[in-house]
Amino acid sequence: RNSGSNTTAGSTPSASGSGTTGTAGINQAPLSVANMFPQTKLDIAGLQFTQVAAATTTKCSTAAEGKFASALTSAGCKRVVRATYVDASKQYVVTAGVASLPTHAKAVSADEARQFGPDIWFTALNGPAKSGAGSASRTTGVGDDVVYRRFIVFALSTYANGQNPTGHAAQIKTLTGLSQAFSIEVEHQLASR
């Protein structure tokens, strides 16, 4: 698992880890907000986060940018489920999600199309205007993703005020930790299906 920060506004790509190829236990019901993000409140890294937005789409390209969006479509992406969380102090915004693909190989192939600098990856899901996540899709942050079986699990963290963390090592470390913690949470939900 690797994480990376982007240099432009929007979502933040990261490198992928490899997952196992087994699919037992996680192929029955389609992914949904209810089965992937059942908790509207999460304690992550000592902070309490509240879900402010959630969405499921079967048109995967609408949850991504550029060449990566096309790669998801070409690989046969079936759906993307995303949820956005804001911490109690409205300092951090995290969009976590999962993309469902037909096979592990297709998930790896699609994930290889992401690009760090030009911000070609998943997009954040905006929350309501006063939620602290109203402009999540337009701010710079840090993302984390991993290919887990036939899924791409991802999370991207940013500051609610739109502050750009690029060039600030401590801020990058904090946001990286949040993204990794959220993507691990999503992996656990997949594993428990």
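Up top is the structure these notes are about.
Now for a quick tour of the structure. (Residues numbered from 1 in each chain as written. Predicted model: local features only at pLDDT ≥ 70, side-chain atom pairs only at ≥ 80, totals over all residues. Heavy atoms only, no water.)

**Describing the overall build of the chain**
Piece 1. Along its length, the chain carries 4 helices and 7 strands.
Piece 2. Counting all 193 residues of the chain, 50% fall into the buried class.
Piece 3. Put simply, 73% of the contacts in the chain that link residues at least 6 apart link residues at least 24 apart.
Piece 4. Carbon and sulfur atoms make up 52% of the accessible area of the chain, which totals about 7,900 Å². (Helix = DSSP H or I, 4+ residues; strand = E, 2+ residues; numbered from the N terminus. Buried < 20%, exposed > 50% of the residue type's maximum accessible area, 1.4 Å probe, protein only. Contact = heavy atoms within 4.5 Å. Areas by Shrake-Rupley, 256 points an atom, 1.4 Å probe, with all protein chains shown as cover.)

**So, the state of the cysteines**
Piece 1. Tallied over the full model, the rule gives 1 disulfide.
Piece 2. A sulfur-sulfur distance of 2.1 Å marks the disulfide that ties Cys60 to Cys77. The chirality of the disulfide connecting Cys60 with Cys77 is left-handed, given an S-S dihedral of about -80 degrees. Taken together, the positions of Cys60 in the loop between β3 (47-57) and α2 (66-74) and Cys77 in the loop between α2 and β4 (79-87) put the pair 17 residues apart, joining distant regions of the chain.
Piece 3. Under the relative-accessibility criterion, Cys60 is labelled buried at 3%. (Disulfide = S-S within 2.5 Å.)

**Thoughts on the side chain of Ser183**
Piece 1. Positionally, Ser183 belongs in helix α4 (residues 169-191).
Piece 2. Ser183 gets classed as buried once you look at its relative accessible area, which sits at 0%.
Piece 3. Reaching out from Ser183, the side chain makes a polar contact with the side chain of Asp144 at a distance of 2.4 Å.
Piece 4. For Ser183, the side chain forms a polar contact with the main-chain oxygen of Gln180, separated by 3.1 Å. (Polar contact = N/O pair within 3.5 Å; in protein donor to acceptor, adjacent residues only side chain to side chain.)

**Quick word on unusual backbone geometry**
Note on backbone geometry: most residues besides glycine have negative phi, and most peptide bonds are trans.
Piece 1. Phi at Ala45 is positive, roughly 50 degrees, even though this residue is not glycine.
Piece 2. Mapped onto the fold, Ala45 is located in the loop between β2 (41-44) and β3.
Piece 3. Even without a glycine there, the phi angle at Lys90 is positive, about 55 degrees.
Piece 4. By relative accessible area, Lys90 is classed as partly exposed at 45%.

**Section: the nonpolar core**
Piece 1. Ranked by internal contacts, the top residues of the largest apolar core, which has 28 residues, are Phe68, Leu72, Val80, Leu101, Phe122 and Ile152.
Piece 2. Residue assignment for this core shows that the elements contributing at least two residues are α2, β4, β5 (92-100), α3 (104-111) and β7 (151-159).
Piece 3. Among the nonpolar cores identified, the runner-up in size contains 25 residues, and Ile44, Val146, Ala155 and Val186 belong to it. (Core = buried A, V, L, I, M, F, W, Y, C linked by side-chain atoms within 4.5 Å.)

**Structural notes on the pattern of salt bridges**
Piece 1. Following the criterion strictly, the structure yields 2 salt bridges and no others.
Piece 2. For Asp111, the salt bridge identified is with Arg114, shortest N-O distance 3.5 Å.
Piece 3. Residues joined by salt bridges that share partners form a network here, namely Asp111, Arg114 and Asp145. (Salt bridge = Lys/Arg side-chain N within 4 Å of Asp/Glu carboxyl O.)

**Considering the environment of Ala113**
Piece 1. Examined against the element boundaries, Ala113 turns out to sit in the loop between α3 and β6 (141-148).
Piece 2. Residue Ala113 is classed as buried on the basis of its relative accessible area, which comes to 12%.
Piece 3. Each C-alpha atom, one on Ala113 and one on Ala69, is 8.7 Å from the other, the two residues being 44 residues apart in sequence.
Piece 4. When residues no more than four places from it in sequence are discounted, the contact partners of Ala113 are Lys67, Phe68, Ala71 and Ile120.

**Side note on the pairing of β6**
Piece 1. By the criterion of burial, β6 is predominantly enclosed, with 8 of the 8 residues buried.
Piece 2. For β6 and β7, the ladder comprises 8 bridges, and the chain directions are antiparallel. Note that in β7 the partner of Val147 across the bridge is Ile152.
Piece 3. Connecting β6 to the next strand, β7, in antiparallel fashion are 2 residues, including Arg149 with a positive phi near 55 degrees. (Pairing = 2+ DSSP bridges.)

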